[in-house]
Amino acid sequence: MRPDQIQPEMYEKQLQDKQAELAKLMATLSLPEMEVFASQPTHYRMRAEFRIWHDGDDLYYAMFDSADPRTPIRTDQFLAASSLINELMPKLLDAVRDIPVLRYKLFQVDFLTTTTGEALISLLYHKPIDAEWNAAVQQLNDAFPACHFIGRSRKKKQIITRDFVMETLTVNGQKFHYQQVENSFTQPNAGISEKMLEWALDVTKEASGDLLEMYCGNGNFSIPLARRFDRVVATEISKVSVNSAQLNIAINGMHNVQVVKMASEDVSAALNGDVELPKSLVQAGVSELTPSVVLVDPPRAGLDDATVELIRKIDSILYISCNPETLKANLEALSSTHEVVRYAMFDQFPYTHHVETGVYLQRKTQVE
């Protein structure tokens, strides 16, 4: 996204355009009225990445247009990024500019911030990070007390204090705390994430029993929903995310959630009876789990056929999608057994064509 594409005065129109495009794509499906959740028009992204452009004695943040990837677009401020990122951008460059070992071969800066004022700043280099760099970066650590710094160079990662921040999301007036680790998946738009969690709680308000969750990430959905169910078994392939989820479960005081590190395809194969149940699923108590709801939040590729067959066996399905096209294909496959009873669009990425979609399906009384 180019900085000039962020036009707050045009936000309502672009939101209406997205809604129209999504409605057009889904027109062949039988869906209820779309619920639309708008983003803040500015300062909604809690993370951002910028190239560092060196121009003689000057250096500045740069972004690029995909149509012209060789021409840097100077980016002194970025309206999409959080207020804290915009506050830190000039201060960081001012601090780095006059310290040669920190400035030399610096080619990218990544920011990860929270709604509570924490920031993680990753400095990426085309040079080895050495003891001299470690000593120099301590000056930044002292000058930016609410920030944590990381250096990266040629597959080496140097953590100065820690490589994560602690985010707090407020959902229906209740606060939930999450560890968010550098380079691991987190929802970038904190405001929309809170709205998604509130919507998920609303659509499952009549649910009870157990919850099976796939693609659970750091427990973003698992933790608020755990209060609604007797037991939750959640699966995730990323080791970093699993570790964060387990920590987040503990710090939020949840005692009914088990997280298993396993790919969705392997979970589906095991629960469909195609292979023997792995020890990790047995230990998590899957054999005794009787899910009334399954929650899936897959990557852009959507659900594979085996996972579609697995979730078809469960009465209620909560599907969070980052790709409406694969969502549509999955809904068509599920239409013989389930119907969509709630349908929402979340504007996670304003000023782009991307949308996040949520659907809640229930088993039909008469299966086709």
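Structural notes, computed from the coordinates.

Each value, and the rule that gives it
- Residues numbered from 1 in each chain as written.
- Predicted model: local features only at pLDDT ≥ 70, side-chain atom pairs only at ≥ 80, totals over all residues.
- Heavy atoms only, no water.
- Phe/Tyr/Trp six-rings, centres within 6.5 Å; stacked < 30°, edge-to-face > 60°.
- Helix = DSSP H or I, 4+ residues; strand = E, 2+ residues; numbered from the N terminus.
- Buried < 20%, exposed > 50% of the residue type's maximum accessible area, 1.4 Å probe, protein only.
- Core = buried A, V, L, I, M, F, W, Y, C linked by side-chain atoms within 4.5 Å.
- Domains from an automatic or database assignment.
- Contact = heavy atoms within 4.5 Å.
- Lys, Arg positive; Asp, Glu negative; His and termini not counted.
- Salt bridge = Lys/Arg side-chain N within 4 Å of Asp/Glu carboxyl O.

Examining the packing of aromatic side chains
Phase 1: One pass over the structure, following the stated rule, counts 11 aromatic pairs.
Phase 2: Ring geometry for F50 versus F78: centroids 5.8 Å apart, planes at 90°, classification edge-to-face. In this pair, F50 sits in strand 2 (residues 47–55) while F78 sits in the loop between strand 4 (68–74) and helix 2 (83–97), placing the two residues 28 residues apart along the sequence. Note on accessibility: F50 and F78 belong to one class, buried.
Phase 3: Aromatic side chains Y125 and W133 sit 5.9 Å apart centroid to centroid with 80° between the ring planes, which places their arrangement in the edge-to-face category. Grouping residues by exposure puts Y125 and W133 together as buried.
Phase 4: Here the aromatic cluster, defined as three or more aromatic residues joined through ring pairs, consists of F50, Y61, F78 and F111.

A few points about the nonpolar core
Phase 1: Core analysis: the biggest nonpolar cluster contains 74 residues, and L92, L102, F111, L123 and F149 have the highest contact counts within it.
Phase 2: Sort the elements by how many residues they give to this core and helix 2 lands first, with 7 residues.
Phase 3: The residues that make up this core include at least three from each of domain 1 (8–41 + 186–363) and domain 2 (47–165).
Phase 4: L92 has contacts with Y61, V109, F111, I121, L123, L140, F144 and F149, leaving out every residue within four places of it along the chain.
Phase 5: Ranked by size, the runner-up nonpolar core spans 36 residues in total, among them Y178, V203, M254 and V257.

Overview of the side chain of E213
Phase 1: Along the chain, E213 falls in strand 11 (residues 210–214).
Phase 2: Buried charge E213 goes without a salt bridge, the closest partner of opposite sign being R231 at 13 Å.
Phase 3: When near neighbours in sequence (up to four residues on either side) are disregarded, E213 contacts F221, S222, V233, A234, T235 and L295.

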